[in-house]
Amino acid sequence: MCRLIGYLGNTIRLDELLYKQEHSLNKQSYSPLELKSGVVCADGLGVGWYDEVGKPFIYRNTIPMWNDPNLEELSNHVQSACTVGYARLAGTGESLDISNCQPFRSGKLLFVHNGEISNFQQTLYRPIRESLSDSTYRLIKGSTDSEHIFALLVEMWQSSPDSTLLSALSATVQKLTQLASEHNTSFSANIIVSDGEAVAAIRYAYRTQAPTLYWSYDPLKQPNQVIVASEPLSNNQNWTAFREQSTLFVEAQLLQPTISLLERFAPIGV
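Cut-offs applied
Residues numbered from 1 in each chain as written. Predicted model: local features only at pLDDT ≥ 70, side-chain atom pairs only at ≥ 80, totals over all residues. Heavy atoms only, no water. Helix = DSSP H or I, 4+ residues; strand = E, 2+ residues; numbered from the N terminus. Rg over C-alpha atoms; globule rule 2.2 N^0.38 Å. Buried < 20%, exposed > 50% of the residue type's maximum accessible area, 1.4 Å probe, protein only. Contact = heavy atoms within 4.5 Å. Areas by Shrake-Rupley, 256 points an atom, 1.4 Å probe, with all protein chains shown as cover. Lys, Arg positive; Asp, Glu negative; His and termini not counted. Charge placed at Lys NZ, Arg CZ, Asp CG, Glu CD. Phe/Tyr/Trp six-rings, centres within 6.5 Å; stacked < 30°, edge-to-face > 60°. Pairing = 2+ DSSP bridges. Axes fitted to C-alpha atoms, helices over the stretch in contact; angles between N-to-C directions. Salt bridge = Lys/Arg side-chain N within 4 Å of Asp/Glu carboxyl O. Expected span 1.5 Å × (residues − 1). 1 Å grid on protein atoms, 1.4 Å probe; cavity = no way out; pocket = protein on both sides within 12 Å on 5 of 7 lines; lining within 4 Å. Points joined across faces, edges and corners; volume = space filled by probe spheres on them. Nonpolar A, V, L, I, M, F, W, Y, C, P; charged D, E, K, R; others polar.

### A look at the overall build of the chain
- Per the secondary structure count, the chain includes seven helices and 13 strands.
- In summary, the chain has a C-alpha radius of gyration of 17 Å against a globular reference of 18 Å for 270 residues, a match within 12%.
- Each principal axis of the C-alpha atoms in the chain carries an extent, and together these give about 45 × 35 × 35 Å.
- Here the chain holds 270 residues, and the buried ones make up 57% of them.
- Long-range pairs, those at least 24 residues apart, make up 66% of the contacts in the chain between residues at least 6 apart in sequence.
- Accessible surface computed for the chain: about 11,900 Å², of which carbon and sulfur atoms make up 46%.
- When the 20 basic and 27 acidic side-chain charges of the chain are each reduced to a single mean position, those positions are 3 Å apart.

### Considering the packing of aromatic side chains
- Taken as a whole, this structure holds seven aromatic pairs when the rule is applied.
- Here the aromatic rings of F104 and F150 are separated by 6.1 Å at their centres, their planes lie at 25 degrees, and the arrangement is stacked. One end of the pair, F104, is in strand β5 (residues 104–106); the other, F150, is in helix α6 (residues 145–159), with 46 residues separating them in the sequence. Both residues of the pair, F104 and F150, count as buried.

### Comments concerning the sheet that holds strand β13 (residues 258–261)
- Across the sheet, six strands lie side by side as β5-β6-β7-β8-β12-β13; this open sheet has antiparallel pairing. Two strands lie at the open edges of the sheet, namely β5 and β13, each paired on one side alone. For this sheet the average axis-to-axis angle between neighbouring strands, irrespective of direction, equals 15 degrees.
- By the bridge criterion, four bridges tie strand β12 (residues 246–251) to β13 in an arrangement that is antiparallel. Across the sheet, the residue bridging to L248 is I259, located in β13.
- Each of β5, β6 (109–114) and β7 (187–194) touches α6; the most contacted strand, β6, lies at about 140 degrees to it.

### Some thoughts on the pattern of salt bridges
- Throughout the structure, instances matching the rule amount to seven salt bridges.
- For R13, the salt bridge identified is with D15, shortest N-O distance 3.0 Å.
- A relative accessible area of 2% means that D15 is categorised as buried.
- The partner of E94 in a salt bridge is R88, and the shortest N-O contact between them spans 3.0 Å.
- The buried category is assigned to R88, whose relative accessible area is 2%.
- One connected set of salt bridges, linked through shared partners, spans R13, D15, E16 and K20.

### Details of helix α7 (residues 165–182)
- If you check α7, its first and last C-alpha atoms are 26 Å apart, about what 18 residues at 1.5 Å a residue would give, namely 26 Å.
- Among the residues making up α7, those that are buried are L165, L166, A168, L169, S170, T172, V173, L176, T177, L179, A180 and S181.
- Elements that come into contact with the buried residues of α7 comprise β6, α4 (125–130), α6, β7, β8 (198–206) and β12.
- Immediately beyond the C-terminal end of α7, within one or two residues, lies N184, with a positive phi of roughly 55 degrees.

### Overview of the layout of surface pockets
- By volume, the largest pocket amounts to about 520 Å³.
- Lining of the largest pocket is provided by 25 residues; of these, G91, T92, E94, E116 and D145 occupy positions nearest its centre.
- In the lining of the largest pocket, the residues fall into seven nonpolar, 14 polar and four charged.

As far as function goes, none of this settles anything; it's purely spatial.
See the structure below:
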């Protein structure tokens, strides 16, 4: 499983999240504490951020995060008030190709995912693609289940003019649950998605256990930032574990996290 991070708050340098914390994303890539399906996340990396006018940028590579001096150099200079990132542990049979590295981007949306669809190529590969419009279908450049989930989220986001990040995310896992039930498979989906003005995150699984996910918000010490991560970045912050089937939503103007518990999107009789 990959290691994820998301941030919304006051403007900081990327290295504050990627390298400087005692259990930073970089350290999680080679010394994770709660990785269940591997030893290290050595199959690539990625970080996405928004500039001062809200334009999204991404940097991705197929090498281990701890072995990428370019990212470390970049993170010493780039500042942002909103960022997402991940260290990759490739799924079985997935190639080490830049097209398979996250974050994925469409318009203003940046997306990272940790989890898997069981037997993806034999179960939900075609059903997800058949759920997409032509324009969303063309977004897919790689072969991962993560990118297909992202395409499905973009479809949900674009199909309803009144969609929020949270409603689109909820609709995405609802659709995935429907498809997983119909095709007798399971999936896990820890997701962080942002449009630069808000961050939505979810810890969710169907017929399996979701990977770990935490969020941090300290209204006294750090009232202007919210962090989401696969593992706590330090011991001196106020970290809370996501319950399974739960979401978090926070907007830049408010920075008051809204936590909700999803109903399990299981069809009747399942």
